[in-house]
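Observations on chain architecture
Residue-level listing of the chains:
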Amino acid sequence: TIAAKGATLDSRLNQLHNVFVDKNSSGNIVLGNGNTTNADLNVSLGNASAGSKLNGSLTVHNYASGAANKLVVDKLLGATGEINLINDETDINVASGAAITANNVLLQAKSNAVSVTGGSVAAASRLTLDAANVNLTSGALQAATAVATASKDIAMTGGSMNATTATMTAGNNINLTN
């Protein structure tokens, strides 16, 4: 659990599995992970109630190191500033029941997939999804500006995207069905 007024724990040596940011934390929190074991990196505000937010910004960077760890949001993750989730190893998954809310949200898994599989992502300003594959199978994306960039494919086969301005760029296919 991280309860702080700003914290920088950006190290490739960290061996993180379950990261709970205390909803009463404030400032900018930066976390790095270099976990060498095969275990997901789960990030959330723990068991915080709906509408709870970190008063500041959160960046979580899972560095390539050892076993490939998914970065998973399976509960509430909110911030008044930005949320940046970066995975250099494998996928980012916004699971069923999860909710990410912030002014700006970045989900980046350059060589792998960003998947929303039942959760929701809401950015008051800008939502950026940047991966080899971007998948929305259920759940919801909402932002003033939504940008989805995939070096391979974008597949939105369920759920919804609501944005004033939306841009999708894929190296191969864009599949939008419902």
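The structure this text deals with has already been given above.
Residues numbered from 1 in each chain as written. Predicted model: local features only at pLDDT ≥ 70, side-chain atom pairs only at ≥ 80, totals over all residues. Heavy atoms only, no water.

Right, let's talk about the overall build of the chain for a bit. A tally of helices and strands in the chain yields zero helices and twelve strands. Sequence-ordered secondary structure for the chain, helices as α and strands as β, is β-β-β-β-β-β-β-β-β-β-β-β. Taking the principal axes of the C-alpha coordinates as reference, the chain spans close to 40 × 35 × 20 Å. Counting the 178 residues in the chain, one finds 47% classified as buried. (Helix = DSSP H or I, 4+ residues; strand = E, 2+ residues; numbered from the N terminus. Buried < 20%, exposed > 50% of the residue type's maximum accessible area, 1.4 Å probe, protein only.)

Looking now at the pairing of strand β5 (residues 55–62). The element β5 is largely enclosed, with a buried count of six among its eight residues. Two elements, strand β3 (residues 26–33) and β5, share eight bridges in a ladder whose sense is parallel. Bridging across to β5, Asn33 finds its partner in Asn62. The pairing of β5 with strand β8 (residues 82–87) spans five bridges and is parallel. Looking at the pairing, Thr59 lines up with Asn84 of β8. (Pairing = 2+ DSSP bridges.)

It is worth spelling out the environment of Ser160 at this point. Mapped onto the fold, Ser160 is located in strand β11 (residues 160–170). On the basis of relative accessibility, which here comes to 38%, the residue Ser160 falls in the partly exposed class. Considered as a pair, Ser160 and Asn84 are 76 residues apart in the sequence and their alpha carbons are 21 Å apart. Contact partners of Ser160, with chain neighbours within four places excluded, come to Leu136, Gly139, Ala140 and Leu141. (Contact = heavy atoms within 4.5 Å.)

One finds Leu58, Leu85, Ile100, Leu107 and Val121 to be the most contacted residues of the largest nonpolar core, which totals 43 residues. By residue number, the principal contributor to this core is strand β10 (residues 99–156), which donates 22 residues. If sequence neighbours within four positions are ignored, Val121 has contacts with Val94, Ile100, Val105, Leu107, Val116, Leu127, Ala140, Leu141 and Gln142. (Core = buried A, V, L, I, M, F, W, Y, C linked by side-chain atoms within 4.5 Å.)

Let us look at the side chain of Ser44. Topologically, Ser44 is positioned in strand β4 (residues 41–44). Not counting residues up to four positions away in its chain, the partners in contact with Ser44 are Val19, Phe20, Val21, Lys75, Leu76 and Leu77.

Evaluated as defined, the whole model comprises one salt bridge. Ionic pairing is found between Asp130 and Lys110, a salt bridge with its closest N-O pair at 3.2 Å. Lys110 sits in the exposed class, given a relative accessible area of 52%. (Salt bridge = Lys/Arg side-chain N within 4 Å of Asp/Glu carboxyl O.)

Here we take up the environment of Gly27. Along the polypeptide, Gly27 turns up in strand β3. With 84 residues separating them along the chain, Gly27 and Ser111 place their C-alpha atoms 30 Å apart.

Okay, the pairing of β10 next. Bridge analysis of strand β7 (residues 76–78) against β10 gives three bridges, and the strand direction is parallel. Residue pairing for β10: Leu76 is matched across the bridge by Ala99. Direction of pairing for β8 relative to β10: parallel, over a ladder of five bridges. Of the residues in β10, the one forming a bridge with Asn84 is Leu106. Pairing between β10 and β11: ten bridges, direction parallel. Directly across from Ala140, in β11, lies its bridge partner Ser160. Bridge count for β10 against strand β12 (residues 174–176) is three bridges, and the pairing is parallel.

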